[in-house]
Every structure is written in C-alpha cells, then in structure tokens.
Amino acid sequence: MAIQRIQSKWEKTLLLNQRGSLRPYLPDTRKYTYNHLQDMVELYGLVFMKPDRGTYGNGVMSVEPWKDELDPDNPLRYKLRFGIESIYFTTLEEAHQSIQSRIGQQTYLIQKGIHMLTYRRRKFDLRALVQRTPSKKWETTGFIGRVAAEQKIITNYHGGGMIKPIEELLGPYLEPYQFSLLYKEMKTIGVRTAAQMARKFPNLKEIGLDLAIDEQLRPWILEVNTLPALFPFKYLKDKEIYKKIRRYAVAYGRYKK
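Residues numbered from 1 in each chain as written. Predicted model: local features only at pLDDT ≥ 70, side-chain atom pairs only at ≥ 80, totals over all residues. Heavy atoms only, no water.

Participant: Any chance you could break down helix H1 (residues 9-16) for me, citing the residues and the numbers?
Facilitator: One full turn of an α-helix is made of 3.6 residues, so residues set three or four places apart face in the same direction. Residues Lys9, Lys12, Thr13, Leu15 and Leu16 constitute the buried set of H1. Axial view of H1: buried residues confined to an arc of 165°, hence all on one face. Contact partners of the buried residues in H1: strand S1 (29-31), strand S2 (47-51), strand S6 (108-112), helix H5 (176-200) and strand S12 (219-225). Between a side-chain oxygen at the N-terminus of H1 and the backbone nitrogen of Trp10 the separation is 3.3 Å; the capping residue is Ser8. (Buried < 20%, exposed > 50% of the residue type's maximum accessible area, 1.4 Å probe, protein only. Helix = DSSP H or I, 4+ residues; strand = E, 2+ residues; numbered from the N terminus. Arc of directions from axis to C-beta. Contact = heavy atoms within 4.5 Å. Polar contact = N/O pair within 3.5 Å; in protein donor to acceptor, adjacent residues only side chain to side chain.)

Participant: Account for the nonpolar core, with residues named and values stated.
Facilitator: Phe124, Leu126, Leu170, Met186, Leu211 and Ile221 are the most contacted members of the largest nonpolar core, which has 34 residues in total. Mapped by element, the contributors of at least two residues to this core are H1, strand S8 (122-132), strand S9 (138-147), helix H4 (166-170), H5, strand S11 (206-213) and S12. Ranked by residues supplied to this core, first place goes to H5 with 7 residues. For Met186, the contacting residues outside a window of four places in its chain are Leu126, Phe143, Ile166, Leu211 and Ile213. Val41, Tyr78, Leu80 and Ile99 belong to the second largest nonpolar core, which has 18 residues in total. (Core = buried A, V, L, I, M, F, W, Y, C linked by side-chain atoms within 4.5 Å.)

Participant: How would you sum up the side chain of Thr133? Please name residues and give values.
Facilitator: As for its placement among the helices and strands, Thr133 is situated in the loop between S8 and S9. Setting aside its immediate chain neighbours within four residues, Thr133 contacts Glu139 and Tyr248.

Participant: Just give me the short version of the packing of H1 against H5, but keep the residues and values in it.
Facilitator: Two numbers describe a pair of packed helices, the interaxial angle and the distance between the axes. Across the interface, H1 lies against H5 with an axial gap of 10 Å and an inter-helix angle of 105°. With respect to H5, the axis of H1 lies roughly perpendicular. Contact with H1, carried on its side by Glu11, Lys12, Leu15 and Leu16, involves Thr193, Gln196, Met197 and Lys200 of H5 and no other residues of that element. Across the contact of H1 with H5, the residue classes tally to 3 nonpolar, 2 polar and 3 charged. (Axes fitted to C-alpha atoms, helices over the stretch in contact; angles between N-to-C directions. Parallel < 35°, antiparallel > 145°, perpendicular 65-115°, else oblique. Nonpolar A, V, L, I, M, F, W, Y, C, P; charged D, E, K, R; others polar.)

Participant: Could you give me a rundown of helix H6 (residues 239-251), with the residues and numbers involved?
Facilitator: Between the first and last C-alpha of H6 there are 19 Å, a value that for 13 residues agrees with the 18 Å anticipated at 1.5 Å per step. Residues Tyr242, Ile245, Tyr248 and Ala249 constitute the buried set of H6. Down the axis of H6, the buried side of the element spans an arc of 125°, and every buried residue falls inside it. Those residues of H6 that are buried are in contact with S8 and S9. Two to three positions downstream of the cap, the backbone nitrogen of Glu240 sits 3.1 Å from a side-chain oxygen, assigning the N-cap of H6 to Asp238. Looking one or two residues past H6, Gly253 carries a phi angle of roughly 95°, positive in sign. (Expected span 1.5 Å × (residues − 1).)

As structure tokens, this is what we get:
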C-alpha cells in the first residue's frame, strides 16, 4: 500500500491542535488575512507567511515592525522580507498590499514568528525524522540541524541552507544535562506528532518535523513534512543512524532492498 502524503499545512495544523500535549509546542497559526496580519503583528511582532501547499521554503515571507536604531526620530515602519530582499513600508496596510500581490489566489498561512537561536549570526532550526519501525511503532530516528543561508529567512537545504549536527548548534547554549533533557523532549514530540497524524492518516509511515528552539530554549513545531528527505542524514558522523533510517525505510516500502 502506498505511503500516505498530506500536502495542506492547514489540515496538518488543525489535526495537531486536537492533541492537548502538542498544543504548547504549536505557534499560533491562522489563514492569512489582513485582519489576522494586524492582530498577530500587534501580538507577536515578527510573523511569517507561507503557502498552504508548498515545498522547499518557496514563497515564505516575514513581516515585523521596524525602527531605525541609527535614526530614533524616524517613524515606525514595517519590514517585509522574502528571499534575500527586504522592503520597508510606512503602514501595515501597504505591507499587506505587497504581500497580497505576491500571494495572488493562493491560500496562505500566517504564523507567529519564533526568535530562533543562531549559529554564526545565522538562524537555524532542527529536522527530526520520525518513522514507523518494522514492529509498527513510531520512533524518532534522527536529528539534523539546518542553518539558513546568509540573509535568508528559510533554513531549507534547497534554499542554500547548511546541514550541521545538532550537538554543534546547541552546544554553545546548553549544558550537557540540558541537552539530554531537550533531546529526550524532542524525541517525544516527534513520536506524539506522528501518532496524532496517523489517527487520521493510517498509511502514514514517516514524517519530517521542523523544530525551532527559541531564545528561552523552548522547542516549537514549525511544520510537518510527510515526504521528508532522508539523504541529509547520511552526513551525520554516527553512520549507524542512517543505517537504521534506511532499514526502516526499506521495511515500509520507501526504498527497495
């Protein structure tokens, strides 16, 4: 039987919000409208917009209030970022008009912005891989870190991001015992997320879970990918991790023996 894939980010968001133990890890996410843009910029400052159906970080934008520190007499403006470009607007409505011109007829989501940890002044997030084991249980089998390309707001490898071991990225922020606790928490988040998804989609066999760690060292679920790339895990120093990933993938039919 074919491995199940789910494209709609909104559908996945609604499903995860049904599980109480996952809600604390889910940033406020809504369908994009000007009213939601106003409300969420006022609540959170930084917000991200992304297409409901899209891959590789294509079409992702961010908006945040912006004050020129070099000229404190300048009025508050709004900074819109996409790709490596930044545009400044005097009103949020002008920013919305620019966003809308890029969205067109697509369904977009707006999400609370997470102030992520950085590596050499570049933002990074973590990709957790969660797979069905040969015994039909869920297991978080591996983690990789993804560092954004210079001046970019996305960390995706296809967008020029860089792959790093999570130990290297989190090491400067965490004592060993803190890392161990966070690692265990993230593995649990992965299993609970996959199990919740599988309640509606029983033929799901794998997910890639994008996690952000904020400046208070709290993990957040940014997105769930149901066709995760497996090849980045080849680059981990511990080769046994990729061997297990591939063995599980063969067992549920992603790869041939």
